[in-house]
Amino acid sequence: MAGSNPPKQYGITKPISLLGPAEADLHRTAELEKFLVEAGLYESQEESAKREEVLGELDKIVKDWVKQLTSQRGYTDQMVEEANAVLFTFGSYRLGVHGPGADIDTLCVGPSYVNREEDFFIVLHDILAQTEDVTELQPVPDAHVPVMKFKFHGISIDLLYASVSLLVVPPDLDISQGSVLYDVDEATVRSLNGCRVADQILRLVPNIENFRTALRCLKYWAKRRGVYSNVTGFLGGVNWALLVARVCQLYPNAVPSMLVLRFFRVFTQWQWPNPVMLCSIEEDEVGFPVWDPRKNPRDRSHHMPIITPAYPCMNSSYNVSTSTLRVMIEQFQFGNKICQEIEMNKASWTALFEPFQFFEAYKNYLQVDIIAEDDEDLRLWKGWVESRLRQLTLKIERDTYGMLQCHPYPHEYADPSRQCAHCAFFMGLSRKEGVKIQEGQQFDIRGTVDEFRHEINLYMFWKPGMELAVSHVRRKQIPAYVFPEGYRRPRPSRHVNHQQQSDKNDTEDGTMTGSPDSQLKRKHDLAGTDDSEPCRSVKRASISPVHPKTSSPQSGNVGDETTSNNNQMKRASSDASGGSQASHCSGNLEGANCSNSPQASERSSGTVASGPRCATREAGCSGDATSKHGIPLAENCTTPTVAVCTTLKRVAEKVVSELVGSERLGSSNSAELLESMEKDVLVENVHFGGNGVTQGGLPEELEPNHGIEVVS
């Protein structure tokens, strides 16, 4: 009978709960939607119409461009008439969650005889440069995904190009079909993948409107809490979309308020590096590599795998490090605590979106000042430096063996009092929790900063006036321009667990005894001085890690590092020419000494090895390393395991059979039961160790012809 057909299953497991909203959930959803509107997250009808007009004009430009090239290359008049390019959108605009002022991610698909290197980045670039309403045109041909950035009628556009194996591109081209990937290079696959992933996400969620509202909410939350930035090592738009989509699959009948509450419940309990997946990974005859920790050793090192649902399936969050994962887990816990209070009517939605008080969360910070002669040079220079900041975080944690943890903050600040163009980024510094360090121990990271400066100086388009300064500042010496009102706000009285914990890490276990001055002499007092001013070093005892002469392991995915190789050697010798300024930092967490002097560099070479800085480790993940919430701590794993599981389906079916039909799930007891059952679903996993052997006593049930069914 048709009425007895089971509901459609979304995702690789059955849902946790099929229950719909109660009256209280509908009321909370209305309040949430009202809050999002008042927060200005929706664009006006006028701006929406302007975006459509801009896309229409851009579509005409790329069509004329292809016809021009077709004619110049001697094709017949009929071919010129049929020549075509198709414009697609992806990202937040395609998903329907963009806000006022957001950019539009676009993809131009052209025929096989129109290439990216010359036709797109030279011919089309020149056409756009001559277009009156196009400004801030910036080609980035060496990026992991080659892109042309510009503003058109004031709207930011990121334009990609993909040349497919067709002489004529049909107007109704369906790029979700695998046939578009035949006979194309990997850069083209990556360019096509953005659109293919966005379309697949919308196909795999039960209710698109509920998904959009929940995603809009959680993106805003992530920005307020400082964890929205792919380039810094946190999560970007597609990552958040995939996480929200997975929660939608687990609760297919939930309304937005329910999805937000359960989002934090699920990912507070999530056992990373178990991957999040919307569908199973499938091989394809095209032969592009897919994310598979059994075959690809690099995939086993990913800390927070969030897998794209379109072939070839990739890890969209390869930039996440142990430090940024730690920060995100803390923020998930904060969000879950507030959501519990919201569910009990003890807090409003406003409490969830309180901005993270980054400059009150740590006692010590690194300040990275980026300087250029004018705004245009600063835009280019800042983009390069910002793309490398993640490497500074990784290098510091590598050179201190994880004992010194970094929290990069993805917001930039500008000092209006400076004559030149300027912006600054900050990183919070703290000792690793629970690690006992002898009194007075210092972290000498001058050599680390030297190495970072050398990589920055490889910038091929360096110009005079582009400078960089890295310095240490204490909390009380944070410059006033980082505060919105120009002064420090009083510390919040609620939800200060992060602050208390970071202070605790700096002071407990005998690591911070005595006065600050007795532990370390400051390089200079930043109060009343220029932040980028060179500073004098002070002799002091320091403890520097000794690095065996072994080959350095990869510190993250290398996809974003391709532009710093041979084609960037133009600036390799800029240290001698004084083109870049950097402060060398050393010290314990109550202070750090920095210097630009040659003597400091000499001392640096004596304390930090100039060769590879990290010993190769073969150890697996310690099963005992868990947080207070039962989440394995990724930083305790030298070779993180990746969970691959088929038995989760059976676990989920058992849990769901107990949940479906429960009419009192909204009660407090039922809520506790649900949370307990969710834990059962999320923790029953099979783990792959570094050697690909299953751990945990469960048999490997991976059929090679059926793809990989991975815990999510």
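These numbers were taken from a predicted model, which means no experiment stands behind them.

## Quick look at the overall build of the protein
Now for step 1: A count of helical and extended segments in the protein gives 19 helices and 14 strands.
Now for step 2: A burial count over the protein gives 54% of its 712 residues as buried.
Now for step 3: Of the accessible surface of the protein, which amounts to about 30300 Å², a share of 50% is contributed by carbon and sulfur atoms.

## Quick word on the packing of aromatic side chains
Now for step 1: Within the structure shown, the criterion is met by 35 aromatic pairs.
Now for step 2: Taking 4.9 Å as the distance between ring centres and 80° as the angle between the ring planes, the aromatic pair formed by F120 and F121 counts as edge-to-face.
Now for step 3: A relative accessible area of 10% means that F121 is categorised as buried.
Now for step 4: Judged by centre distance (5.9 Å) and plane angle (70°), the rings of Y459 and F461 are edge-to-face.
Now for step 5: Exposure remark for Y459: the relative accessible area of 8% places this residue in the buried category.
Now for step 6: Pairwise contacts between aromatic rings join F356, F358, F359, Y362, Y365, Y409, Y413, F426 and F483 into one cluster.

## Section: the sheet that holds strand 7 (residues 404-408)
Now for step 1: The sheet built from four strands is open, its strands ordered 7-8-6-10 with antiparallel pairing. What marks the edges here is a single partner per strand, and that holds for strand 7 and strand 10 (467-474). Pairwise comparison of adjacent strand axes, ignoring direction, gives a mean angle of 25° for this sheet.
Now for step 2: For strand 6 (residues 364-372) and strand 8 (residues 421-431), the ladder comprises nine bridges, and the chain directions are antiparallel. Each bridged residue has a counterpart across the sheet, and for Y365 the counterpart in strand 8 is G428.
Now for step 3: Contacting strand 6, strand 7, strand 8 and strand 10, helix 12 (residues 375-399) runs over the sheet at an angle of about 150° to strand 6.

## Topic: the packing of helix 9 (residues 256-269) against helix 10 (residues 322-343)
Now for step 1: Orientation of helix 9 relative to helix 10, taken along the N-to-C sense of each, is 140°, at an axis distance of 9 Å. Of the possible angle classes, the one that applies to helix 9 and helix 10 is oblique. Two packed elements cross with a definite hand, and for helix 9 against helix 10 that hand is left-handed. Residues V260, L261, R262, F263, F264, R265, F267 and T268 of helix 9 touch helix 10, and the partners they reach there are F332, Q333, G335, N336, C339 and E343.
Now for step 2: Looking at side-chain class alone, the contact of helix 9 with helix 10 contains seven nonpolar, four polar and three charged residues.

## Here we look at the packing of helix 7 (residues 208-224) against helix 9
Now for step 1: Orientation of helix 7 relative to helix 9, taken along the N-to-C sense of each, is 50°, at an axis distance of 9 Å. One element, helix 7, and the other, helix 9, form an angle in the oblique class. As for how helix 7 packs across helix 9, the hand of that crossing is right-handed. Along the contact surface, helix 7 presents N210, T213, A214, C217, L218 and W221, while helix 9 presents P256, L259, V260, F263 and F264.
Now for step 2: For the contact of helix 7 with helix 9, the residue count by class is nine nonpolar, two polar and no charged.

## So, the pairing of strand 5 (residues 155-163)
Now for step 1: Counting buried positions along strand 5 yields eight of nine residues, so the element is predominantly enclosed.
Now for step 2: Across seven bridges, the pairing between strand 2 (residues 104-110) and strand 5 is parallel. Opposite G110, over in strand 5, you have S163 as the bridge partner.
Now for step 3: With five bridges connecting them, strand 4 (residues 147-152) and strand 5 associate as antiparallel partners. Looking at the pairing, F152 lines up with I155 of strand 5.
Now for step 4: What sits between the antiparallel neighbours strand 4 and strand 5 is a turn of two residues, in which H153 has the positive phi angle 55°.

## A few points about the nonpolar core
Now for step 1: Grouped together as the largest cluster of nonpolar side chains are 92 residues, with contacts concentrated most on L107, F211, W221, W240, F263, F267 and L352.
Now for step 2: Not counting the four nearest positions on each side in its chain, W240 is found in contact with L215, K219, W221, A222, V227, Y228, L235, F263 and F332.
Now for step 3: Ranked by size, the runner-up nonpolar core spans 29 residues in total, among them V66, C108, F121 and I157.

## Digging into the environment of P355
Now for step 1: As for its placement among the helices and strands, P355 is situated in the loop between helix 11 (349-352) and strand 6.
Now for step 2: On the accessibility criterion, P355 (31% relative accessible area) is partly exposed.
Now for step 3: Separated by 133 residues in sequence, P355 and A222 place their C-alpha atoms 9.5 Å apart.

## Observations regarding the sheet that holds strand 2
Now for step 1: With mixed pairing, the five strands of this open sheet are ordered in space as 1-2-5-4-3. One side of each edge strand has no neighbouring strand; the edge strands of this open sheet are strand 1 (86-90) and strand 3 (134-140). Within the sheet, the average angular offset between the axes of one strand and its neighbour, ignoring direction, is 25°.
Now for step 2: As defined by bridge partners, strand 3 adjoins strand 4 across five bridges and the pair is classed as antiparallel. In the sheet register, V140 faces strand 4, and the bridge partner there is V147.

## Things to note about a negative patch on the surface
Now for step 1: Residues E53, E57, E132 and D133 make up a contiguous surface patch of negative charge.
Now for step 2: Within the element layout of this structure, E57 appears in helix 2 (residues 45-72).

## Examining unusual backbone geometry
Now for step 1: Following W272, the chain continues to P273 via a peptide bond in cis, the omega torsion being 15°.
Now for step 2: P312 follows Y311 through a cis peptide bond whose omega is -5°.
Now for step 3: Here P312 shows up in the loop between helix 9 and helix 10.
Now for step 4: Phi angles above zero are rare outside glycine, and D183 is one such case at about 60°.

## A few points about the pattern of salt bridges
Now for step 1: Evaluation of the coordinates by the stated rule reveals 26 salt bridges.
Now for step 2: Among the salt bridges present, the one from K395 reaches E451, with a minimum N-O distance of 2.9 Å. Taken together, the positions of K395 in helix 12 and E451 in helix 13 (residues 446-456) put the pair 56 residues apart, joining distant regions of the chain.
Now for step 3: Put simply, E455 and K395 hold a salt bridge, and the shortest N to O gap is 2.9 Å. Of this pair, E455 sits in helix 13 while K395 sits in helix 12; the two residues are 60 residues apart in sequence, bridging distant segments of the chain.

## Observations concerning the side chain of R300
Now for step 1: Position of R300 among the secondary structure elements: in the loop between helix 9 and helix 10.
Now for step 2: The charged side chain of R300 is buried without a salt bridge, its nearest counter-charge being D292 at 7.7 Å.
Now for step 3: In this structure the side chain of R300 is engaged in a polar contact, spanning 2.6 Å, whose partner is the backbone oxygen of P293.

## Details of the confidence of the model for the protein
Now for step 1: On average, residues of the protein score 75 in pLDDT, and 67% of them reach the 70 mark or higher.
Now for step 2: In this model, residues 493-584 is a region of pLDDT below 50 whose contacts with residues beyond four sequence positions or in other chains number 246 contacts.

## Quick look at the side chain of E397
Now for step 1: Within the secondary structure layout, E397 lies in helix 12.
Now for step 2: Look at E397: it is buried, it has no salt bridge, and the nearest opposite charge is R326 at 4.8 Å.
Now for step 3: When neighbours within four sequence positions are excluded, E397 is seen to be in contact with T322, S323, G402, L404, Q405 and C406.

Rules used throughout
- Residues numbered from 1 in each chain as written.
- Predicted model: local features only at pLDDT ≥ 70, side-chain atom pairs only at ≥ 80, totals over all residues.
- Heavy atoms only, no water.
- Helix = DSSP H or I, 4+ residues; strand = E, 2+ residues; numbered from the N terminus.
- Buried < 20%, exposed > 50% of the residue type's maximum accessible area, 1.4 Å probe, protein only.
- Areas by Shrake-Rupley, 256 points an atom, 1.4 Å probe, with all protein chains shown as cover.
- Phe/Tyr/Trp six-rings, centres within 6.5 Å; stacked < 30°, edge-to-face > 60°.
- Pairing = 2+ DSSP bridges.
- Axes fitted to C-alpha atoms, helices over the stretch in contact; angles between N-to-C directions.
- Contact = heavy atoms within 4.5 Å.
- Parallel < 35°, antiparallel > 145°, perpendicular 65-115°, else oblique.
- Left-handed = near helix turned anticlockwise from the far one by under 90°.
- Nonpolar A, V, L, I, M, F, W, Y, C, P; charged D, E, K, R; others polar.
- Core = buried A, V, L, I, M, F, W, Y, C linked by side-chain atoms within 4.5 Å.
- Patch = residues over 30% accessible without salt bridge, like charges linked within 9 Å, V, L, I, M, F, W, Y side chains within 5 Å.
- Salt bridge = Lys/Arg side-chain N within 4 Å of Asp/Glu carboxyl O.
- Lys, Arg positive; Asp, Glu negative; His and termini not counted.
- Charge placed at Lys NZ, Arg CZ, Asp CG, Glu CD.
- Polar contact = N/O pair within 3.5 Å; in protein donor to acceptor, adjacent residues only side chain to side chain.
- pLDDT = per-residue confidence, 0-100.

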